[in-house]
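What follows is the residue order along each chain.
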Amino acid sequence: MISLAVWARTSHWVKGARVHGEGEAPAEPNQDELPVMGTAIVSGKALAAGSLVLVPAASALPLTGGFACGSAGASPSLCLVLPFLVLPNMLLVYDDTLSDYLDAFLCSTLQTLMTRKPIAYDAYQELADHYAAIIDTKPHNAYYDRPAMIGLWPELDGKRVLDAGCGPGVYTESLLERGAVVTSIDVSDRMIELARQRLGPEADLQLVDLTQPLDMFRDREFDFVNAPLCLDYIDDWRSLFCEFKRILKPDGQFQFSCGHPAFDAEYFETEDYFSVERVECTWTGFGKNVVMPSYRRPLQEVLMPLIDSGFQIEQVVEPQPTDQFRQADLKRFNALMHRPGFLCVRAKVG
Ligand SMILES: C[S@@+](CC[C@H](N)C(=O)[O-])C[C@H]1O[C@@H](n2cnc3c(N)ncnc32)[C@H](O)[C@@H]1O
């Protein structure tokens, strides 16, 4: 259980494992897919050769024994295999009674750990309609974040763009207006529905969790990744940025905005500036009070994950509010003129 807790702290803690037939060796071992030699039994049923199961990333190669739980016949990729030797060349076979018990006791716990709900999922589901209703004119977004972000965008006509954490699709709309071919992703199904209403049936909108590998996208598929105000809900930026780098072309660019580390450190009254810490506060500005969890991080944890994952920083902007902001909300305008709320960064594949 201790090691499970450790694995669960990383978003990439499971690997695919391909079941091979008896005596059948994998033609070309794949680093991302452990071969499971012999018979894989899940809930009392043997998985067909070629089935994919998930194993902890720390597993030794190849698995010659183990213990599987899950439901055969359902998506094999939802099966979890714990590696410990039982019998050579065989995964533990257990009868239906034991299977029921283990399914109830272990699978629910382990699969919950495996597919942890993203921290802001509930809050955004609750907030989505209110967010969509005022996002076109809400000063912090319309007259502060978006002018700064859009001002940094490169030429996008005809480019393949990923709009990450797209919310109700207001950025996607601007990207489409610039001639980009856009795929938009978000973890909140309500946000995706609202983006569909805004953008119409042709829009490429997908339900994707940015804390997980972006396996749905090919290497070098995109020219540009736009990620405004969605990274504050992601703990592990290095894993995500490596995925962005993988799906970007060699001359691709990545741009994001996030809470400014100086503002956030003061706002959340941190006693440990240098840590990435989970914080929360109540949002009142969308016409509905919602407790919003996020991660606050120091400046080095904003910039170094880019460098560590192979990007070169091109632009860093601490935005100032526009004149429209002044007209909409003078008090907050004055505050933002003297103390930044957000930070915008553009980087290119290094
Ligand atoms: C502040 S909104 C920004 C929306 C949009 N980018 C904009 O600026 O209008 C943050 C968005 O990030 C999404 N989000 C939060 N956690 C996410 C995750 N783990 N994966 C994908 N999207 C996530 C939320 O559902 C929400 O739509």
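Cut-off values and rules
Residues numbered from 1 in each chain as written. Predicted model: local features only at pLDDT ≥ 70, side-chain atom pairs only at ≥ 80, totals over all residues. Helix = DSSP H or I, 4+ residues; strand = E, 2+ residues; numbered from the N terminus. Buried ≥ 20, exposed ≤ 12 C-beta atoms within 10 Å, placed from the backbone. Contact = placed C-beta atoms within 7 Å. Pairing = 2+ DSSP bridges. Axes fitted to C-alpha atoms, helices over the stretch in contact; angles between N-to-C directions. Core = buried A, V, L, I, M, F, W, Y, C linked by C-beta atoms within 7 Å.

Draft legend 1. Geometry of the overall build of the protein. Helix and strand content of the protein: 11 helices and 17 strands. In the protein, which comprises 350 residues, the proportion classed as buried is 37%. Sequence-distant contacts in the protein: of pairs separated by 6 or more residues, those separated by 24 or more amount to 68%.

Draft legend 2. Spotlight on the pairing of strand β12 (residues 222-228). By the criterion of burial, β12 is predominantly enclosed, with 7 of the 7 residues buried. Sheet analysis places strand β9 (residues 160-164) next to β12, joined by 3 bridges and oriented parallel. Looking at the pairing, Asp163 lines up with Asn226 of β12. Bridge count for β12 against strand β13 (residues 248-259) is 6 bridges, and the pairing is parallel. Note that in β13 the partner of Phe224 across the bridge is Gln253.

Draft legend 3. Just the sheet that holds β9, in detail. Strand order in the open sheet formed by 7 strands is β11-β10-β9-β12-β13-β17-β16, and the pairing between neighbours is mixed. The open sheet has two free edges, formed respectively by β11 (204-207) and β16 (311-317), since each of these has just one partner strand. The sheet shows a mean angle of 20° between the axes of neighbouring strands, direction not considered. By the bridge criterion, 7 bridges tie β13 to strand β17 (residues 342-349) in an arrangement that is antiparallel. Its bridge partner lying in β17, Phe254 is registered against Ala347. This element, helix α6 (residues 189-199), spans β10 (181-186) and β11 of the sheet and lies at about 170° to β11. Its contacts with the sheet place helix α7 (residues 237-247) against β12, β13, β16 and β17, and it is angled at close to 145° to β13.

Draft legend 4. A look at the nonpolar core. Within the largest apolar cluster, 62 residues are counted, with the highest numbers of intra-cluster contacts made by Val161 and Val225. Contact partners of Val225, with chain neighbours within four places excluded, come to Leu162, Ala164, Phe244, Leu248 and Phe254.

Draft legend 5. How the structure looks around unusual backbone geometry. A positive phi angle, near 55°, is found at Leu229, a position not held by glycine. The topology assignment puts Leu229 in the loop between β12 and α7. Given 20 C-beta atoms within a 10 Å radius, Leu229 is considered buried. With a phi angle near 50°, Glu269 is a residue other than glycine that sits in the positive phi range. Relative to the elements of secondary structure, Glu269 occurs in the loop between α8 (261-267) and β14 (277-283).

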